Amino acid sequence: MSGVEIAVELVALVVAVLLVTAAARKLDWSAPLCLIAVGVVASYIPGVPEYELDPEVVLLGLLPPLLYATAIRTSLIDFRRNRGPILLLSVGLVIFTTAAVGVVAWLVIPGLPLAAGLAIGAVVAPPDAVAATAVARKVGMPRKLTRLLEGESLFNDAAALVALRTAIAAIAGSVSLLQVGGDFLLAAGGGLLIGFAVGALAALIRTRLEDPVTDTALSLVVPFVAYLAAEAIHGSGVISVVVAGLILGHKAPSMLSGRSRLASRLNWQTIQFLLENIVFLLIGLQVRRIMTEVGDSGLTAMELILICAATLAATIVTRIVWMAGIGLARRVFRRHAWPWRYSAVIAWAGMRGVVTLAAAFVLPADTPQRAVLVLVAFVVVAGTLLLHGTTLPVLVRRLKLPPPDPAEDALQEAAVLHDMTRAALEELEKIRTPEDPDDIVERLRSRLQHRSDSAWEELGRQSALTETPSDAYRRLRLRLLEVEREKFLEARDSGMADDDVLRRILERLDIEESMLDREEETVPDSDRELRTPAATAGSCKHLTKNWPSVEPGSPDVCAVCVENGMTWVHLRECVKCGNVACCDSSPGKHATEHFHDTLHPVMRSHEPGETWRWCFVDKQLG
């Protein structure tokens, strides 16, 4: 095949991915399932080239960057907190699925050795959390479930590939139980060791890089270095990539510049999008070749249907049984158990994907009934995507799982930004010198305070203003940026300035616009009170004091604002005397003024559905 033909085929794949994913998003369909369906149809169209999904290309060329892209976005703190449940899913469930599905395949496929049955069990064992987490975010699944599914996906591939390698060795009759245990320990230990080493070394180097282009180029080779180095010592390349990604993702805020983080985030999101979706399209394009090979197996269509249905059912049932067993064991041993609704969703979030089909092609050519096993892997991938992918959103809605609350997110964001702003203002007072111009210092204070105020303005279900000050600032500044960009285009077209100068100016405009043009979230109506989240709750003697209940001074207005003909953004209520006044984003700042006049230390939100409180003395949320 010539270079031109290869280039044309690659371009065709990318264009097809873009078109199908755009259509799926518009129709609110599952993009992976649509890509597989389009691939299946295209595989039977005369003239469409036959794409061969080389397992080495997937396992070495696609799997490391996909895992790395997920790992750098995974919270190491959350991973540590949930490491027990994640290991139960990514290791325990993989082993259980390998054994259970392997026995079923051994029973239903004529002439299949048990070792080959265990091999197909390992192939279908690891779920693909890409599809599951996409559904999770789409339907508003609780974040804890999303974190568990993401954590499972990081390590289940490693356990499945180790199990597959062991089963392939058993097919040749050259493996013992002792060797199985040794291989697993070597894979896990070697992967951890190399992952830590590569992650630490890459962090050390990237800390010293200031150029975003150089930093991004280095980040592109990290997953491949981690994978190849681990595999060279017979460790798990998957574990190595995941560990390196977790380390670098955790260290990114302290070791990278803002420009480097922005560039890295955008580049890796693009890479992940293209690789994931191209592989799903390639999975569908394999169907014609798979069916051709199955035709030589000597099995009837009814036998093939029975085999595929039994294996698919076993794959689904084993996950349900495992989650039910975990819930029962936790209750028996009086351990903290997940709500049964969480277990039900996790049990039903078992969509298979890229690794499953790639692992199926890893099976040696002389594996008994290899073509049938590959077909089984494809049916499990397509079947779970179709069954789980279309019904998981319905299940989440029927179980009425609480989605992430945008109002609570806004409260956490406001609390963190307030602490950051206070620290910055305190540092400003320390570092300023008599030579520093007062207007510059005041400009810094104003910019810091505006950022904090805009975060608080995101709170509140009702407001006397139809547009908050931050909204007005965003609207006006975006319009001014449009005018500035028009003037920039005039300067470019007239040749007024050098191209390098113009590019620097445009970059500044783009950065400022990206900071302003934030996606607005609609705060849903809810009967739940917006309380201070445990993770951000402050603690001081004023907040922990049991204040007596008092009637608010006014139902829904700031009396001082009304008296002075002013308006307000949000309302706050003094917990000691019940005075209702406006917040600091309001022109009058009458709640803070009330504190200075009376020294009453604690106020609470007076907005409907909010009960969070604020201590003026200790500057804490509680």
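Each remark here, short or long, concerns the structure printed above.
For clarity, every value in this text was computed on a predicted model and none was experimentally measured.

Engineer: Can you help me understand the side chain of Thr70 in this one?
Structural biologist: Structurally, Thr70 is set in helix α3 (residues 55-71). Reaching out from Thr70, the side chain makes a polar contact with the side chain of Gln272 at a distance of 3.3 Å.

Engineer: What should I look at first to understand the pairing of strand β1 (residues 571-574) in this one?
Structural biologist: Regular strands have side chains that alternate between both faces of the sheet. Of the two faces of β1, the one lined by Leu571 and Glu573 and the one lined by Arg572 and Cys574 are each fully buried. The hairpin turn running from β1 into strand β2 (residues 580-582), its antiparallel successor, is five residues long, and Gly578 in that turn takes a positive phi close to 85°. Pairing geometry for β1 and strand β3 (residues 602-605), over three bridges, is antiparallel. Across the sheet, the residue bridging to Cys574 is Met603, located in β3.

Engineer: Hey, could you run me through the pattern of salt bridges in this one?
Structural biologist: Any two side chains of opposite charge can pair, given that their charged atoms come close. On inspection of all chains with the given rule, the structure shows 16 salt bridges. Among the ionic pairs, Arg485 bridges to Glu513, the shortest N-O distance being 2.6 Å. Residue Arg485 is located in helix α20 (residues 469-494), and its partner Glu513 is located in helix α21 (residues 499-516); the two are separated by 28 residues in the primary sequence. According to the relative accessible area criterion, Glu513 is partly exposed, its value standing at 25%. Overlapping salt bridges bring together Asp78, Arg81 and Arg147 as one network.

Engineer: Whenever I open this one, unusual backbone geometry confuses me. Can you help?
Structural biologist: Excluding glycine, residues mostly carry a negative phi; peptide bonds, for their part, are mostly trans. One non-glycine residue, Lys400, lies in the positive phi region at around 55°. A positive phi angle is found at Lys589, which is not glycine, with a value near 50°. When you line up the elements, Lys589 lands in the loop between β2 and α24 (590-598). The class of Lys589 is partly exposed, set by a relative accessible area of 37%.

Engineer: Quick question: what am I supposed to make of the packing of helix α2 (residues 31-43) against helix α17 (residues 370-398) here?
Structural biologist: Packing of α2 against α17 leaves a shortest axis separation of 10 Å and a crossing angle of 135°. Here α2 lies oblique to α17, going by the angle between them. Every pair of crossing elements has a handedness; the one defined by α2 and α17 is left-handed. Packed against α2, whose contacting residues are Pro32, Leu33, Ile36 and Val40, the element α17 presents Phe378, Val381, Ala382, Leu385, Leu386 and Thr390 at the interface. Partitioning the contact of α2 with α17 into residue classes produces nine nonpolar, one polar and no charged.

Parameters at a glance
- Residues numbered from 1 in each chain as written.
- Predicted model: local features only at pLDDT ≥ 70, side-chain atom pairs only at ≥ 80, totals over all residues.
- Heavy atoms only, no water.
- Helix = DSSP H or I, 4+ residues; strand = E, 2+ residues; numbered from the N terminus.
- Polar contact = N/O pair within 3.5 Å; in protein donor to acceptor, adjacent residues only side chain to side chain.
- Buried < 20%, exposed > 50% of the residue type's maximum accessible area, 1.4 Å probe, protein only.
- Pairing = 2+ DSSP bridges.
- Salt bridge = Lys/Arg side-chain N within 4 Å of Asp/Glu carboxyl O.
- Axes fitted to C-alpha atoms, helices over the stretch in contact; angles between N-to-C directions.
- Parallel < 35°, antiparallel > 145°, perpendicular 65-115°, else oblique.
- Left-handed = near helix turned anticlockwise from the far one by under 90°.
- Contact = heavy atoms within 4.5 Å.
- Nonpolar A, V, L, I, M, F, W, Y, C, P; charged D, E, K, R; others polar.

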